[in-house]
Amino acid sequence: MAIVEARTLTVARGRRIVLRDVDLTVRGGDIVHLAGANGSGKTSLLRVLAGLARPRGGELRREGGAAFVPERVQLAPALRPLEWLGAMRRLRGLDAVDWLAAATASGLDPAKLERPAASLSKGMLQRVALLEALHAKPALLLLDEPFSGLDAVGREWLATQLAQGRAALLTDHSGTVAPTGRLRLRDGRCEPASVLAVLTVHATRDGERLERAVREDESDALLRELLGAGWHVERVER
Amino acid sequence: MIARARYLLLTSARTRTPLAPLALTVFWVFGTFFYPGNEVGGTWGQTGVTCCALAAWLVGAILAGEPAAQAEMATTAVGGLRGRLALEGLLVLMVAPLLALPFLGWPLLLHALGQANVFKPPALPGDVAGAALVHICCGILGGAVAVLFAPPRVTRRATATAAVLASLLVLAGLGTLAGPIAAAQAISDAPRGTVNGSELVACLGCLALAAAVFGAAALWSRRT
């Protein structure tokens, strides 16, 4: 069953039309990657799908709830993430969660949930917002550059979570997660693009080990960079 | 409803922005009732008009204190723009009685503590009921104006402040036709100890204007 179905959608940012005739369908378990240059309308499209803005034209049908995590997560400076997580849970009408245990399970330091948001880094706030969105188990996850502020542990955790059959639409320049579908936004249009495999490169240098996920089309550049920096590439896995 | 109210309370309590309007409210209450021998209708008429402006400021301050990203995540959680407007409506319904409370409660408390001439002649239960209506309805109207110019409709704070001030001036300009001045006039002219028809009409006028402002906010949201 389609969780989101858009037909000939027109998306605007302010008064400017940024996307026309957008057709997309997201089903349960789909991970759809929105690709495109800066300013191509990726965030605007996510905002429309999240219900934060109305489309200027076309049809949009969404089944079930959604969770949106913006690229730059900000909370009120004195707000403690633990308070916010509880409030969001209640807003969604869901039962309480042991957030300290949930944070520990996701590799987050639970003590940080009790500090004011102003004292937390961009990556930490992003982890908190992702934790909330993932625990809400919405029909659709809308994630704007979810990997950009995360460390290696955070990226691995999120990739694992996304691989558990959740429907997600995300923008991502890191290539950490392997999408099931790909849409390219260009010149105000949204077109399906071929799905590129994500490769994992294993390399060593002076006893140091490195494991990096990279999109197939960017693997040559990464390999050249690694070899140039004196790394020994052990293997590349698909 | 309770979950939404708790979210709003949490957001309000964790930002500094509401402090200025709350501080002004406290000083306004103390300043108004510092001197004894106040005339019941006139005084509560004046504080009712003040309540409209303070509600606009306080609601605007609370909404401005919620970072855009936090607001977006909450908006998605409550189901989109319609849910957001309902959340903002609830905020207005919470703020209006909150502001009415000190304007009504403080003089009554002073009276109960033995300061018999806060009002001259003393306020009767009917006067208090009329004043409560006027303060709450004026507060709802002021809060609705703040919601109209809150994000995502108006994102620049300076623009929002100017627009709210201009709207309050327009409401004041309506005079005795409708709005806070009409409500103040009605409570001033009302016979002692009663809630009369003109007070009810004036309050209904405020509520009708507030509903129209909320309608405009809903329409505007569709264009953001």
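*Asks:* I'd like a rundown of the overall build of chain A, residues and numbers included.
*Replies:* Scanning chain A for helices and strands turns up six helices and twelve strands. On C-alpha atoms alone, chain A measures out to a radius of gyration of 19 Å, which is about the 18 Å that the 2.2 N^0.38 rule sets for 238 residues. Structurally, chain A occupies a C-alpha span of about 55 × 45 × 35 Å along its principal axes. When each of the 238 residues of chain A is scored for burial, the buried share is 41%. The long-range share in chain A, meaning contacts at least 24 apart out of those at least 6 apart in sequence, stands at 67%.

*Asks:* An account of the overall build of chain B is needed here, citing residue identities and associated values.
*Replies:* Broken down by element type, chain B carries nine helices and zero strands. Listing the helices and strands of chain B from first to last along the sequence gives α-α-α-α-α-α-α-α-α. Taking the principal axes of its C-alpha atoms as reference, chain B extends roughly 50 × 35 × 30 Å. Among the 224 residues that make up chain B, the fraction classed as buried is 48%. A separation threshold of at least 6 residues defines the contact pool for chain B, and within that pool the share at least 24 residues apart is 82%.

*Asks:* Which residues make up the environment of Asp144(A), and what are the values?
*Replies:* All names here are of chain A. Within the secondary structure, Asp-144 sits in strand E6 (residues 140–144). With 23 C-beta atoms counted inside 10 Å, the residue Asp-144 sits in the buried group. With 116 residues separating them along the chain, Asp-144 and Gly-28 place their C-alpha atoms 19 Å apart.

*Asks:* An account of the confidence of the model for chain B is needed here, citing residue identities and associated values.
*Replies:* For chain B, mean pLDDT is 92; residues scoring 70 or higher make up 99% of the total. This complex was scored by the predictor with a pTM of 0.84 and an ipTM of 0.82.

*Asks:* Pulling in residues and values, what's your account of unusual backbone geometry?
*Replies:* Outside of glycine, negative phi angles account for most residues, and trans bonds account for most peptide bonds. Looking along the chain, the bond that leaves Lys120(B) and enters Pro121(B) is cis, with omega of -5°. With respect to the secondary-structure elements, Pro121(B) resides in the loop between helix H5 (81–112) and helix H6 (125–148). Backbone torsion omega between Pro151(B) and Pro152(B) reads 5°, so that peptide bond is classified as cis. Mapping Pro152(B) onto the fold places it in the loop between H6 and helix H7 (157–173). Within the chain, Thr8(A) stands out as a residue other than glycine whose phi angle is a positive 45°. Within the secondary structure layout, Thr8(A) lies in strand E1 (residues 2–13). The phi dihedral of Glu145(A) falls on the positive side, at around 50°, and the residue is not glycine. Here Glu145(A) shows up in the loop between E6 and helix H5 (152–162).

*Asks:* Go over the interface of chain A and chain B, please, and point to the residues and values.
*Replies:* Each partner contributes residues to the interface: chain A has 25 residues there, and chain B has 25 residues. Listing elements by their share of the side of chain A that touches chain B, those giving two or more residues are strand E5 (66–69) and helix H2 (81–91) of chain A. For the side of chain A that touches chain B, the leading source of residues is H2(A), giving five residues. Residue composition of the side of chain A that touches chain B, grouped by class: 17 nonpolar, three polar and five charged.

*Asks:* Give me the lowdown on the pairing of E1(A), citing residues and values where you can.
*Replies:* Within a regular strand, side chains alternate between the sheet's two faces. Residues and elements named next belong to chain A. Bridging between E1 and strand E2 (residues 16–27) involves eight bridges; their strand directions are antiparallel. When the bridges of E2 are listed, Val-4 appears paired with Val-26. Taking the residues between adjacent antiparallel strands as the criterion, E1 and E2 are bridged by two residues, where Gly-14 takes a positive phi near 65°. Pairing of E1 with strand E4 (residues 57–62), which is carried by five bridges, proceeds in the antiparallel orientation. Note that in E4 the partner of Glu-5 across the bridge is Arg-61.

*Asks:* Quick rundown of the nonpolar core? Include the residues and the values.
*Replies:* If you look at the biggest cluster of nonpolar residues, it comprises 134 residues, and the most contacted ones within it are Leu142(A), Val59(B), Leu141(B) and Ala183(B). At 15 residues, the largest contribution of residues to this core is made by helix H3 (residues 40–65) of chain B.

*Asks:* Can you break down the packing of helix H1 (residues 2–13) of chain B against H5(B) residue by residue, with the values?
*Replies:* Residue and element names in this part refer to chain B. In the contact formed by H1 and H5, the axes pass within 10 Å of each other and the chain directions differ by 70°. The angle between H1 and H5 falls in the class roughly perpendicular. On H5, the residues that touch Arg-4, Ala-5 and Leu-8 of H1 are Leu-87, Leu-90, Leu-91 and Met-94.

*Asks:* Outline H7(B), supporting the account with residue identities and numerical values.
*Replies:* Residues and elements named next belong to chain B. For H7, spanning 17 residues, the distance from its first C-alpha to its last is 24 Å, which sits close to the expected 24 Å at 1.5 Å a residue. Looking at H7, one finds that the buried residues are Ala-160, Val-164, Leu-168 and Leu-171. Relative to the axis of H7, the buried residues are bounded by an arc of 70° and lie together on one face. Summarising the geometry of H7, the exposed residues directed more than 90 degrees from the buried face are Ala-158, Thr-159, Ala-166, Leu-169, Val-170 and Gly-173. Looking at the buried residues of H7, the elements they touch are H3, H6 and helix H8 (180–189). Two residues or fewer past H7, Gly-175 is found with a positive phi of approximately 60°.

*Asks:* Provide a residue-level description of the sheet that holds E1(A), including the pertinent values.
*Replies:* All names here are of chain A. Pairing within the open sheet is antiparallel, and its three strands lie in the order E2-E1-E4. One side of each edge strand has no neighbouring strand; the edge strands of this open sheet are E2 and E4. Adjacent strand axes in the sheet meet at a mean angle of 20°, parallel and antiparallel pairs treated alike. Sitting on the sheet, helix H1 (residues 42–50) touches E1 and E2, and the angle it makes with E1 is about 125°.

Procedures and definitions
- Residues numbered from 1 in each chain as written.
- Chains lettered and ligands numbered in written order.
- Predicted model: local features only at pLDDT ≥ 70, side-chain atom pairs only at ≥ 80, totals over all residues.
- Helix = DSSP H or I, 4+ residues; strand = E, 2+ residues; numbered from the N terminus.
- Rg over C-alpha atoms; globule rule 2.2 N^0.38 Å.
- Buried ≥ 20, exposed ≤ 12 C-beta atoms within 10 Å, placed from the backbone.
- Contact = placed C-beta atoms within 7 Å.
- pLDDT = per-residue confidence, 0-100.
- Nonpolar A, V, L, I, M, F, W, Y, C, P; charged D, E, K, R; others polar.
- Pairing = 2+ DSSP bridges.
- Core = buried A, V, L, I, M, F, W, Y, C linked by C-beta atoms within 7 Å.
- Axes fitted to C-alpha atoms, helices over the stretch in contact; angles between N-to-C directions.
- Parallel < 35°, antiparallel > 145°, perpendicular 65-115°, else oblique.
- Expected span 1.5 Å × (residues − 1).
- Arc of directions from axis to C-beta.

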